[in-house]
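Listed below are the residues making up each chain.
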Amino acid sequence: MEGKQQTDDEVLKGMLSRRFLYAKAQRTTTYHHSFRTKTRWELVRLSLLIVGIECTYATETAFVAPILLAIGLPHTIMTMMWAMPPIVGVLFVPVVASISDRLGFSWGRRRPVLLVLGIAMLLGMMLLPHGRLIGETIGLRSVTWIATITTIGLTTTDFSAEASNGLCRTYAMEVCTIQDQARVLSTMMLIGGLGGMLGYLFGAIDWSALPIGQYFESNEAAVFTANWIVLLIGLVSTLTSFAEIPLPVQERDEMLRPVTHRMLQNELKRIRGDEHSAQDAPTETVGFRQFVRNTVQMPRSMKILCLTQFLSHMGYLPYCLYFTDFVGAEVFDGDVQAPEHSPPFVRYEEGLRFACWGMALFAGCASLYSLVIEKLIDRVGARPVYVCGLMAHCVGMLAMGFLRTKAIVMVCCSLTGIMYTTIYSIPFLLISHYHSKNSFHMEDGKCVESTTTRGFGADVSMMSSVLCLAQLIVSLVMGVLIDTAGTTTVITFVAGGCSLLAAASAMAVLYMGL
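Residues numbered from 1 in each chain as written. Predicted model: local features only at pLDDT ≥ 70, side-chain atom pairs only at ≥ 80, totals over all residues. Heavy atoms only, no water.

## What to know about the pattern of salt bridges
Logical step 1: Counted by the stated rule, this structure contains six salt bridges.
Logical step 2: Notably, a salt bridge pairs Arg36 with Glu42, separated by 2.8 Å at the nearest N-O pair.
Logical step 3: Among the ionic contacts, a cluster of salt bridges with common partners joins Asp101, Arg109, Arg110 and Glu174. (Salt bridge = Lys/Arg side-chain N within 4 Å of Asp/Glu carboxyl O.)

So, in C-alpha cells, the structure goes:
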C-alpha cells in the first residue's frame with residue numbers, strides 16, 4: 001500500500017466507479033452523474049441560477065435606494081424599507097432550508113424549493129420598478145401606498161434571492177463528487193461575478209437614449225426587464241441541469257448515496273481491517289425541533305464562523321445598499337429629490353450611472369479573484385486569505401471616505417470585489433469541510449467526531465440568515481446615521497470599521513487544515 005494520500009484517491013475512485021456503474025445499470029434512473037467528475041461546462045450550467053441571483057442583487061442595490069428616494073421618502077424611512085426583507089429572511093430562510101433537508105419529492109430536495117423561490121423572484125422583479133404605475137392603476141396614488149407596493153416587491157425579491165443563494169450552492173455540492181465541490185463553488189463565484197457585472201452594466205446604460213427605451217416607462221423599468229430575462233434563463237438552466245437523488249431512494253439504496261468524506265474514511269478503515277469501523281450511515285435528516293436545537297446549541301466553531309460572516313456583511317452591506325446614492329450625492333454633488341432635469345438632478349443621474357460602472361468593476365474583480373482564490377488557499381492556507389480579503393475592503397472604504405474622487409472610487413470598488421469573493425467562498429468551504437469530517441472542533445490537533453446530527457443545508461442557510469440579520473441592523477441604523485451626520489459619507493466609515501472587526505474575528509475561526 002502506497003502513501004496515504006494516494007491510497008485515499010484510489011479508494012475514492014473505486015467507490016465512485018462502483019456506484020457509477022451500479023447507478024447506470026438502473027435503467028429507470030439517471031443518477032450516475034452524481035458519481036463522476038463534471039466538465040467545466042456542466043459546472044457552469046449548474047451555476048447559471050447564481051448569475052441571475054447576482055444580477056438581481058446588482059439591480060436591487062443600484063436602483064432601490066434611488067427609486068424609494070424619488071418617491072419622496074427621507075433617508076431614515078428609505079433605509080427602514082430595506083429592513084423588511086431581512087426580517088422575513090431571519091425568520092424564514094432557515095425554515096425553508098430545514099424543510100428542504102427533509103423533502104421526499106421524486107424531483108429531489110432542493111430543486112422544488114428553488115423553483116418556487118425562482119417564481120417568487122420573477123414576480124417581485126415585476127413589482128419593484130412599477131410601484132407608482134401599479135398604485136395609480138388601482139387608485140392608490142399616495143406616497144405611502146406607492147412605497148408599500150415597492151417594498152412588497154423588494155421583500156419578495158430579496159428574500160427569495162437570499163434563500164435561493166444558499167440552496168443553489170447546497171444543490172450544486174450535493175450533485176457533485178467531493179472532489180468537484182471546490183470547483184463548483186469557484187465556478188459559481190466566477191460566473192456569479194459576471195452576473196453582477198451584467199446587472200450593473202444594465203444600470204450604466206442610458207436606456208432612454210436607445211430606440212428600445214421608448215417601450216419602457218422609465219430607465220429603471222428597462223433595467224429590471226433585462227434582469228428579469230437573465231434570471232429566467234438562469235433558473236431554467238440550473239433546474240434542468242442534473243437530477244437529484246431523492247431522499248427516499250438514498251434511504252432505501254446504500255449504493256445510491258452520494259460519497260462523503262465520512263464514507264471514504266469508513267471504507268479506508270474496512271480496507272485496513274479495523275474491526276471497529278463504522279458502517280455507512282443512512283442519509284440523516286434534521287427535523288424542525290432538532291434544527292432549532294442545533295441553531296441554539298451551535299458548536300463554538302460555527303458560532304465564530306457565523307460571527308465573522310455577520311461582521312463581514314455589516315462591512316459589505318453599507319457599500320452594497322447605499323454606494324450609488326453616496327456617489328450621486330457626495331462625489332457628483334447631485335440631489336435625487338431636485339426637480340427633474342435640473343442641474344442637481346442631472347448630476348445625480350450621472351453619478352448613478354458612474355456608480356454602476358464602479359460596481360461593474362467590483363463584480364469583474366470578484367470574478368477574476370475567484371479564479372485564483374482556490375490556488376491561494378492551497379498555497380498559503382485559508383486563514384491569511386480570509387483575513388487579507390476582509391482587510392482589503394476595510395482599507396478601500398476608509399480611503400473612499402477620506403478621498404471622494406472618481407479615481408479612488410474605482411480603485412476601492414476593485415478591493416471590495418476581493419472581499420466579496422472571500423466571504424462567499426471560504427465560509428461555505430469551511431462548512432463543507434466540517435460536515436465532510438463530521439467534526440466541529442479539534443483536540444490535540446485532531447478532529448473530534450460529532451455525535452450530533454446537523455443538516456448540511458441548514459448550516460449553509462445560516463450564512464444567509466446572518467446576512468439577513470446584518471441587513472436588518474444596517475437598514476434600521478444607517479438612515480438615522482446619515483440624517484444625523486448630514487452626509488452619506490458615514491457609510492464608508494461604518495463599512496471600514498465592521499470589516500476590521502470581521503478580520504479580527506476571522507483569526508479565531510477553526511480551519512482544520514484548510
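After presenting the structure, the write-up continues.
## Focus on the domain arrangement of the protein
Logical step 1: Here the protein is described as being made up of domain 1 (26–259) and domain 2 (290–513).
Logical step 2: Centre-to-centre, using C-alpha coordinates, domain 1 lies 19 Å away from domain 2.
Logical step 3: Taken together, the 53 residues of domain 1 in the interface contact 50 residues of domain 2.
Logical step 4: Both sides together, the interface formed by domain 1 and domain 2 hides about 4,400 Å², and carbon and sulfur atoms give 68% of it.
Logical step 5: One can count zero salt bridges joining domain 1 with domain 2.
Logical step 6: On the surface where domain 1 and domain 2 come into contact, there are nine residue pairs in polar contact (both at pLDDT 80 or more).
Logical step 7: Mapped onto the side of domain 1 that touches domain 2, the elements with two or more residues apiece are helix 2 (40–71), helix 3 (75–81), helix 4 (84–102), helix 7 (143–174) and helix 8 (181–204).
Logical step 8: Among the elements that line the side of domain 1 that touches domain 2, the one with the most residues is helix 8, at 15 residues.
Logical step 9: Here the side of domain 1 that touches domain 2 is built from residues that sort into 29 nonpolar, 15 polar and nine charged. (Domains from an automatic or database assignment. Contact = heavy atoms within 4.5 Å. Buried area = accessible area lost by both parts, 1.4 Å probe. Polar contact = N/O pair within 3.5 Å; in protein donor to acceptor, adjacent residues only side chain to side chain. Helix = DSSP H or I, 4+ residues; strand = E, 2+ residues; numbered from the N terminus. Nonpolar A, V, L, I, M, F, W, Y, C, P; charged D, E, K, R; others polar.)

## Brief notes about the confidence of the model for the protein
Detailed reading of predicted coordinates is not advised where the pLDDT is low.
Logical step 1: In the predicted model, the protein carries a mean pLDDT of 84, and 93% of its residues have values of at least 70.
Logical step 2: Per-element mean pLDDT across the protein ranges from 66 in helix 12 (residues 288–296) up to 95 in helix 19 (residues 490–506).
Logical step 3: Ignoring residues within four places in sequence, the model shows residues 1–6, a span with pLDDT below 50, making four contacts including any to other chains. (pLDDT = per-residue confidence, 0-100.)

## Quick word on the pairing of strand 1 (residues 439–443)
Moving residue by residue along a regular strand, the side chains alternate between the two faces of the sheet.
Logical step 1: Bridge count between strand 1 and strand 2 (residues 446–449): four bridges; the pairing is antiparallel. Its bridge partner being in strand 2, His441 is matched across the sheet by Val448.
Logical step 2: Once strand 1 ends, the chain turns through two residues before running back antiparallel as strand 2, passing Asp444 with a positive phi of about 55 degrees. (Pairing = 2+ DSSP bridges.)

## A look at a nonpolar patch on the surface
Logical step 1: The grouping of Ile77, Met80, Val90, Leu469, Ile473, Leu476, Val477, Val480 and Leu481 at the surface amounts to a nonpolar patch, some 620 Å² of accessible area in total.
Logical step 2: Those elements that place two or more of their residues in the nonpolar patch are helix 3 and helix 18 (456–485).
Logical step 3: Inspection of the secondary structure puts Val480 in helix 18.
Logical step 4: We classify Val480 as partly exposed; its relative accessible area is 39%. (Patch = residues over 30% accessible without salt bridge, like charges linked within 9 Å, V, L, I, M, F, W, Y side chains within 5 Å. Areas by Shrake-Rupley, 256 points an atom, 1.4 Å probe, with all protein chains shown as cover. Buried < 20%, exposed > 50% of the residue type's maximum accessible area, 1.4 Å probe, protein only.)

## Comments concerning the packing of aromatic side chains
Logical step 1: Counting across every chain of the model gives 13 aromatic pairs.
Logical step 2: Stacked on the ring of Phe242, the Lys or Arg Lys38 has its end atom at 5.1 Å from the ring centre.
Logical step 3: The ring of Phe428 has Arg169 lying over it, and the distance from NZ or CZ to the ring centre is 5.3 Å. (Phe/Tyr/Trp six-rings, centres within 6.5 Å; stacked < 30°, edge-to-face > 60°. Lys NZ or Arg CZ within 6 Å of the ring centre and 35° of its normal.)

## A closer look at the side chain of Gln309
Logical step 1: Here Gln309 shows up in helix 13 (residues 300–331).
Logical step 2: If we ignore the near neighbours within four places in the chain, the residues touching Gln309 are Tyr386, Ile423, Pro427, Met463 and Val466.

## Some remarks on helix 16 (residues 406–423)
Logical step 1: Along its 18 residues, helix 16 runs 26 Å from first to last C-alpha, staying within 8% of the 26 Å computed at 1.5 Å per residue.
Logical step 2: Every buried residue of helix 16 is listed here: Val409, Cys412, Cys413, Ser414, Thr416, Gly417, Met419, Tyr420, Thr421, Thr422 and Ile423. (Expected span 1.5 Å × (residues − 1).)

## Things to note about the packing of helix 5 (residues 111–127) against helix 9 (residues 219–239)
Logical step 1: With their axes 10 Å apart at the nearest point, helix 5 and helix 9 run at an angle of 170 degrees to one another. Judged by the inter-axis angle, helix 5 sits roughly antiparallel to helix 9. Residues Arg111, Leu114, Leu115, Gly118, Ile119, Met121, Leu122, Met125 and Met126 of helix 5 lie in contact with helix 9, whose contacting residues are Phe224, Asn227, Trp228, Leu231, Leu232, Leu235 and Leu239. (Axes fitted to C-alpha atoms, helices over the stretch in contact; angles between N-to-C directions. Parallel < 35°, antiparallel > 145°, perpendicular 65-115°, else oblique.)

## A word on the packing of helix 8 against helix 14 (residues 343–380)
When two helices pack together, you describe them by how their axes are tilted relative to each other and by the distance separating the axes.
Logical step 1: Helix 14 packs onto helix 8 with a crossing angle of 170 degrees between their chain directions and a minimal axis gap of 8 Å. By the angle class used here, helix 8 and helix 14 are roughly antiparallel. Our pair here, helix 8 against helix 14, has a crossing hand that is left-handed.
Logical step 2: Residue classes in the contact of helix 8 with helix 14 are distributed as 15 nonpolar, seven polar and three charged. (Left-handed = near helix turned anticlockwise from the far one by under 90°.)

## Structural notes on the nonpolar core
Logical step 1: Membership of the largest hydrophobic core comes to 138 residues, with the highest contact counts inside it found for Tyr316, Tyr319, Phe323, Val327 and Phe362.
Logical step 2: Two domains each put at least three residues into this core: domain 1 (26–259) and domain 2 (290–513).
Logical step 3: Leaving out residues up to four positions away in the same chain, Phe362 has contacts with Tyr200, Tyr316, Tyr319, Cys413, Thr416, Gly417 and Tyr420.
Logical step 4: With 17 residues, the next largest nonpolar core counts Val11, Ala243, Leu256 and Met263 among its residues. (Core = buried A, V, L, I, M, F, W, Y, C linked by side-chain atoms within 4.5 Å.)

## A few points about the environment of Ala83
Logical step 1: With respect to the secondary-structure elements, Ala83 resides in the loop between helix 3 and helix 4.
Logical step 2: On the accessibility criterion, Ala83 (4% relative accessible area) is buried.
Logical step 3: Separated by 390 residues in sequence, Ala83 and Ile473 have C-alpha atoms that sit 7.6 Å apart.
Logical step 4: Ignoring any residue separated from it by four or fewer positions in sequence, one finds Ala83 in contact with Leu472, Ser475 and Leu476.

## Things to note about the environment of Leu311
Logical step 1: Relative to the helices and strands, Leu311 is located in helix 13.
Logical step 2: Considering only alpha carbons, one finds Leu311 and Ile53, 258 residues apart in sequence, at a separation of 22 Å.
Logical step 3: In this structure, Leu311 is in contact with Cys498, Leu501, Ala502 and Ser505, ignoring residues within four places of it in sequence.

## Brief notes about the side chain of His313
Logical step 1: Within the secondary structure, His313 sits in helix 13.
Logical step 2: Its relative accessible area of 1% is what places His313 among the buried residues.
Logical step 3: Ignoring anything within four residues of it in the chain, the contact list for His313 reads Pro318, Ile423, Tyr424, Leu467 and Ala470.

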